[in-house]
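This is what each chain is made of:
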Amino acid sequence: MIRIFSWLILFWVLSAGATFAQRDTLSLNLSQAESLFLRNNFDLLASNYEIDQAKAEIITAKLFENPTLEYENLFYNQETKKFLQTSYAHGQYAGSISQLFKLAGKRNKNIKLAQTGVKMAEYEYFDLIRTLKFELVSTFYKTYYAAQSVNVYQEQISSTEQLMKAYDLQLQMGNVAAKDVIRIKSLLINLKAEHAELLNDLEDYYKDLKLLCGVNASAAITLVLDKSVLTSPAVDKIPYQALLDSARANRADLKLAKTNLLYNERNLKLQKAMAIPDIEIGLSYDLKGNYPEKYTGLGIKIPIPLFSRNQGEIKKAQIGITAADVNIKKLEALLENEVFNSYKTALRNEKLYAEIDPAFSTDFNTLVSGLIKNFKARNISLIEFLDLYDAYKESTLQLNKLQSERMSTRAELNYVTGSNIF
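Reference entry: report on the structure contained in this document. As the structure is a computational prediction, the values presented were derived from the model and not from experiment.

Moving on, we come to the overall build of the protein. When its secondary structure is counted, the protein shows 10 helices and eight strands. Across the 422 residues that make up the protein, the buried fraction comes to 38%. In the protein, 81% of the contacts between residues at least 6 apart in sequence involve partners at least 24 apart. Carbon and sulfur atoms form 56% of the exposed surface of the protein, whose accessible area is close to 25,000 Å².

Here's what the structure looks like:
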């Protein structure tokens, strides 16, 4: 009997849930996921087109105004009873051509404004990359460690099912108490419920990861972790001021805010220039409708800025400068707080992770071997054994969660500093 129990417990501890290899499984490390993200992400592709649209505005700004051609012909001659005559004896026609010339450097100011618009579109694109890349890295680590936790459940569910079958058989033979079987069944139900909940979360993580990387929804993904990223570099070796300086120099949203201020400043110059009237010069010819006949004239047209001097647009541009300046100050304060909080969180997670004994899993396996011997000798009950094994499961799950949060805070430091420190 003792020998049978020994084999059952040993099988329970060492056995793992059966896994079935899937064909066409996409194996991804973080670097490969980032490459797919940059190449296939729909948000980035759409934002890149917005840059092209902004560049098209430069083409528009460089174009000169089209000349205006005007022609008028006698429609019906009452005397000759004929239409559209153009001869000197019986017809009449007049024509003119004019060209608008923009003054006060409006064309060059429009070009500079459009160029600034391109810069803004580019910084919006880079900030989108920064935001989505942080989401990608965080999702990658959440997915990886959630998958590790799922494996813990699968192993324990598989071994517990085998143990339950063996105990059911022993119960029929009258060798074990019914309460032990009920205890195992209760444990199995709880394990399956927790496993299903974690699987739901894992599927959501995979969905988000596939969307970010532009991977087909039906594709099977296996994530591979580069162990070198777990230790290098050490967060506590990086000065806070260096992180803050990096954020001020590299954050695309701050650059966007400063470029927005420049945009409003250039827009103000343009709107002031718009208050200066443009001049239109025209050349005209009239066959017989003017004096003298075969009249050729040179004309000039210029609006008198008596009422409208573009006051409203100038005021809007001035307000835009003030608002842009306030937005820069707000972003600088937000940036400093984000870097400070992320740095403190990262230090706390690093400290907690450093306090964990690296030999935790090995030591516990040794403990389990000792438990098996004690269980064989009936020194501990089944309940005590299962409780201790459940404690191992909870500790392993917490360790996976801590590792996920630790790597996510490192990714957050990259995000708030706008750089690739980790």
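Applying the stated criterion across every chain, the model contains 10 aromatic pairs. Their ring planes at 50° and their centres at 4.7 Å tell us that Tyr76 and Phe83 sit as a pair that is tilted. Among the residues examined, Tyr76 registers a relative accessible area of 28% and is labelled partly exposed. Grouping aromatic residues by their ring pairs yields a cluster made of Tyr71, Tyr93 and Tyr285. The ring of Tyr415 carries Arg130 above its face, with NZ or CZ at 4.2 Å from the centroid. Note that Lys294 overlies the ring of Tyr88, its terminal NZ or CZ placed 5.2 Å from the centroid.

Further remarks concern the nonpolar core. Grouped together as the largest cluster of nonpolar side chains are 55 residues, with contacts concentrated most on Phe140 and Tyr141. Elements with a minimum of two residues in this core: α2 (30-40), α3 (42-62), α4 (106-172), α5 (178-213), β6 (220-223) and α10 (382-417). Among the elements that make up this core, the one with the highest residue count is α4 (21 residues). The residues contacting Tyr141, other than those within four sequence positions of it, are Leu30, Leu225, Val229, Ser404 and Met407.

Moving on, we get to the side chain of Asn310. Position of Asn310 among the secondary structure elements: in the loop between β8 (295-301) and α8 (311-354). Here Asn310 falls in the buried class, since its relative accessible area comes to 18%.

Once that is clear, we can look at the packing of α4 against α5. Interaxial distance between α4 and α5 falls to 7 Å at its minimum, and their mutual angle equals 155°. As summarised for this structure, α4 and α5 are arranged roughly antiparallel, according to the angle between their axes. As for the relative orientation of α4 and α5, their crossing is left-handed in sense. Of the residues contributing to the contact of α4 with α5, the split by class is 26 nonpolar, seven polar and nine charged.

Time to look at the pattern of salt bridges. Applying the stated criterion across every chain yields a total of 14 salt bridges. Across the pair Lys102 and Glu65 runs a salt bridge whose closest N-O atoms are separated by 3.2 Å. Separated by 37 residues along the polypeptide, Lys102 in the loop between β5 (93-101) and α4 and Glu65 in the loop between α3 and β2 (68-73) bring together distant segments of the chain. Judged by its relative accessible area of 39%, Lys102 falls in the partly exposed class. Under the relative-accessibility criterion, Glu65 is labelled partly exposed at 35%.

Turning next to the sheet that holds β5. Backbone-to-backbone hydrogen bonds pair the strands of a sheet. The strands run either parallel or antiparallel. A sheet is described by the order of its strands in space; here four strands give the open sequence β2-β5-β7-β8, paired in antiparallel fashion. The two strands at the open ends of the sheet, each matched to only one other strand, are β2 and β8. Ignoring which end each strand starts from, the neighbouring axes of this sheet average 15° apart. One ladder, built from eight bridges, connects β5 with strand β7 (residues 279-286); its direction is antiparallel. Residue Ser96 lies in a different strand from β7, and its bridge partner there is Ser284.

Here the focus is the side chain of Ser404. By secondary structure assignment, the location of Ser404 is in helix α10. What makes Ser404 buried here is its relative accessible area of 10%. Sequence-distant contacts of Ser404, that is, excluding residues within four places in its chain, are made with Tyr141, Lys142 and Tyr145.

On to α3, then. Across its 21 residues, α3 extends 31 Å between first and last C-alpha, which sits within 8% of the 30 Å expected from 1.5 Å per residue. Among the structural elements, α2 and α4 are those in contact with the buried residues of α3. Among the residues of α3, the N-terminal cap falls to Asn41, whose side-chain oxygen and the backbone nitrogen of Asp43 are separated by 3.1 Å.

For residues other than glycine, phi is negative in most cases, and the peptide bonds are mostly trans. Note that the residue after Tyr291, namely Pro292, is joined by a cis bond; omega there is -5°. Positive phi, close to 55°, is recorded for Leu84, a residue that is not glycine. Summarising the element assignment, Leu84 is placed in the loop between β4 (82-83) and β5. What makes Leu84 exposed here is its relative accessible area of 53%. The residue Asn310 is not glycine, and still its phi comes out positive at about 60°.

Where nonpolar side chains cluster on the molecular surface, the patch consists of Leu69, Ile97, Phe101, Leu103, Ile276, Ile281, Leu283, Leu298 and Ile300 and spans about 900 Å² of accessible area. Of all the secondary-structure elements, those providing two or more residues to the nonpolar patch are β5, β7 and β8. Here Ile281 lies in strand β7. You can call Ile281 partly exposed: its relative accessible area is 37%.

So, how was this worked out
Residues numbered from 1 in each chain as written. Predicted model: local features only at pLDDT ≥ 70, side-chain atom pairs only at ≥ 80, totals over all residues. Heavy atoms only, no water. Helix = DSSP H or I, 4+ residues; strand = E, 2+ residues; numbered from the N terminus. Buried < 20%, exposed > 50% of the residue type's maximum accessible area, 1.4 Å probe, protein only. Contact = heavy atoms within 4.5 Å. Areas by Shrake-Rupley, 256 points an atom, 1.4 Å probe, with all protein chains shown as cover. Phe/Tyr/Trp six-rings, centres within 6.5 Å; stacked < 30°, edge-to-face > 60°. Lys NZ or Arg CZ within 6 Å of the ring centre and 35° of its normal. Core = buried A, V, L, I, M, F, W, Y, C linked by side-chain atoms within 4.5 Å. Axes fitted to C-alpha atoms, helices over the stretch in contact; angles between N-to-C directions. Parallel < 35°, antiparallel > 145°, perpendicular 65-115°, else oblique. Left-handed = near helix turned anticlockwise from the far one by under 90°. Nonpolar A, V, L, I, M, F, W, Y, C, P; charged D, E, K, R; others polar. Salt bridge = Lys/Arg side-chain N within 4 Å of Asp/Glu carboxyl O. Pairing = 2+ DSSP bridges. Expected span 1.5 Å × (residues − 1). Polar contact = N/O pair within 3.5 Å; in protein donor to acceptor, adjacent residues only side chain to side chain. Patch = residues over 30% accessible without salt bridge, like charges linked within 9 Å, V, L, I, M, F, W, Y side chains within 5 Å.

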